[in-house]
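Geometric and topological summary
Here is how the chains run, residue by residue.
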Amino acid sequence: MCIEFGREICGNLDTAESREWLVTNSIGGYASGTVAGLLTRRYHGLLVAALQPPLGRTLLLAKLDETVLYDTRSYSVNTNRWADGIVSPQGYRHIESFSLEGTIPVWRFAVADALLEKRVWMQQGANTTYVQYILCRATQPLKLTLKAMVNYRDYHGDTQSNGWQMSVEPVTQGICVTAYPDAVPIYLLSDQGSASPIHNWYYGFDLAVERYRGLSDKEDHLHAATFEVTLNPGEALTFVASTEKQPDFNAEAALKHRQTLEQKLIGLWKSNRPVNAADSPAWVNRLVLAADQFIVDRSVPKDPYGKTIIAGYHWFSDWGRDTMISLPGLTLATGRPEVARSILRTFARHVDRGMLPNRFPDAGETPEYNTVDATLWYFEAIRAYYNATEDNDLLMELFPVLADIVNWHCRGTRYNIHLDSTDGLLYAGEMGVQLTWMDAKVGDWVVTPRIGKPVEVNALWYNALRTMAKFARLLGKPHQEYEAIADCAQVRFSRFWNQKTGYCYDVLDSPDGDDASLRPNQIFAVSLPESPLTPAQQRGVVGVCGQMLLTSHGLRSLAPNHSQYQGKYGGDRYHRDGAYHQGTVWGWLLGPFVLAHLRVYKNPQQARQFLQPMANHLTAHGLGSLSEIFDGDAPITPRGCIAQAWTVAEVLRAWLATES
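The text that follows walks through the structure, step by step, so that each part is easy to find.

What counts and how
- Residues numbered from 1 in each chain as written.
- Predicted model: local features only at pLDDT ≥ 70, side-chain atom pairs only at ≥ 80, totals over all residues.
- Heavy atoms only, no water.
- Pairing = 2+ DSSP bridges.
- Helix = DSSP H or I, 4+ residues; strand = E, 2+ residues; numbered from the N terminus.
- Core = buried A, V, L, I, M, F, W, Y, C linked by side-chain atoms within 4.5 Å.
- Buried < 20%, exposed > 50% of the residue type's maximum accessible area, 1.4 Å probe, protein only.
- Contact = heavy atoms within 4.5 Å.

On to the sheet that holds strand β30 (residues 507-510). If you trace the three strands from one edge of the open sheet to the other, you get β27-β30-β31, paired in antiparallel fashion. Each of the sheet's edge strands pairs with one partner strand only, and the pair in question is β27 (453-454) and β31 (513-515). Two elements, β27 and β30, share two bridges in a ladder whose sense is antiparallel. Looking at the pairing, K453 lines up with L508 of β30.

Here you go:
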């Protein structure tokens, strides 16, 4: 799928700034911005480095402001919006086209009869960004000037300079910026031309999306250096921003390495598909490249080459829940089981009191164990891995961990998570915490507490028990206890069926009684490999979810006829989190819906049709990737993260399932 825009998009600021690009470096760092070239988020930058991989993400290089001198005329090809709302300069007017070459963004600026091409990519495994300019066409030399705007702050923050003095020193081929004595130096280098140290703060960059999110929307950046070069037709300039003192200056080799990697990823995807499957469409192939952006290194003492999954860009780290849900689609569906194996082993080392960590904090503190479902998704991720690989060695290694998890859940662990002996269902929750994936919390307000027996948690629990029984039989271990607990859970799961409404209760035995709200959580009782529902009940669940919750880009988190439904997502944190699971559409739920539909109706072609709208979405919001959430009301506008791991993963997994 070719993602390319001409002046109809690039020349319109509203559309050009609403489309964002992303490149990553496999260790948690990234570069991202808008097609227009202006900053709209605090998370935008040409080098957001992972200083404590995969976390410690820090904005180092915000942008390059480019000016060209051609035939005695000066053209600004950069764009900025300022605190007073003025857009100056308006370099987006010179963008003749924008495209993605794989995941690499490419701009072509037309000034008079000259055409200047710009590319941005990152070195894998390093906090290094390349920006390359090629003078593709001209009738005379062109002088290119770059103003490097730097910063040094946590990627969640914003900077008001207040007289901040950084050290800006010349080095061979460029400059070195040291924000303060203990800061990691930033090296800004070019392979030709001159570099002049500067120290000049630019005040009041306007961040429009942050204003929409109810956050601080103004920021200062330091103009730290000016680079100048004169290019003849056909010549190129490579600019490098890096935390390494001597980064690789061989731009062609670095670009070739990135292109070769992407070709390999597509080859693995193709080799993993059914023999008789037709070629997947180009938009699905593009999702395979998007999938790789979430897979990053996480070194642990016993495995320095460990892997994990970034939940979403720009602001999420690696979450246990998101990782386990995403793992089958990002790694197994794409033909990369070795990555899945590494992730499963990495997380096994962090299991504590029968629980998987929910989040590894950015600053590297102790992981947070405040989730009930991440651990249960771990069973499903291992089941999927074993089905794909028949890796008995890993199964033998992880089985004691899984057995310990079951034991902890049976006797009780954190947050009142325990097996209710009266009905064989899993109970979870206590006041003030949010344990399910519907985990929005503002201050002391838990928006959807779901204390009690959530439907998807018990569907996962039942699926985990059946999985454990199968694993035990495969390894020649006692399996009867797991079967017995599963049988009990299956019988008592009937309590979830609401005969009056024809679908499942969302939560049983909550402090306010049984919750009959129509939410999408019941879809997992159909989509998981082991379903505790009868065929008629499965059909009922798929039917009501399709009628009331389904949109082109996922399922609503609450039915529109509910009194607390909110169809628009935006505003300050209170309003955003208040809507997060109260009607907002979640893209990742499209995958389970498709799998459930396929199970009930056994019509792969029809099930696949539900995925097709995502092809159009690839050209909006996060280009080449899939968004986290969408408004519940039409036109189902994308919101949240521009690239979300489990959305990409579940669409890929569902696509593959409809091929077999």
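Moving on, we come to the nonpolar core. Core analysis: the biggest nonpolar cluster contains 211 residues, and L61, L188, W283, L344 and Y378 have the highest contact counts within it. For this core, the leading source of residues is helix α10 (residues 455-474), giving 12 residues. Excluding anything up to four places from it in sequence, L188 contacts L61, A148, V150, Q173, G174, I175, V177, F227, F239, V240 and A241. Counting residues in hydrophobic clusters, the runner-up holds eight residues, among them I104, V106, W121 and Y130.

This part takes up the sheet that holds strand β32 (residues 550-551). Note on sheets: strands pair through backbone hydrogen bonds, and any given pair is parallel or antiparallel. Reading across from one edge, β32-β33-β34-β35-β36 is the order of the five strands in this open sheet, with antiparallel pairing throughout. At either end of the open sheet lies a strand with only one pairing partner, and these are β32 and β36 (638-639).

Following P53, the chain continues to P54 via a peptide bond in cis, the omega torsion being 0°. By the element assignment, P54 lies in the loop between β4 (45-52) and β5 (55-70). Here A634 and P635 are connected by a cis peptide whose omega angle stands at 10°. Assignment of secondary structure puts P635 in the loop between β35 (629-630) and β36. Phi angles above zero are rare outside glycine, and Y415 is one such case at about 55°. The topology assignment puts Y415 in the loop between α9 (392-411) and β23 (418-420). Here the phi dihedral of R450 falls at roughly 50°; this positive angle occurs in a residue that is not glycine.

Nothing here speaks to function; it is all geometry.
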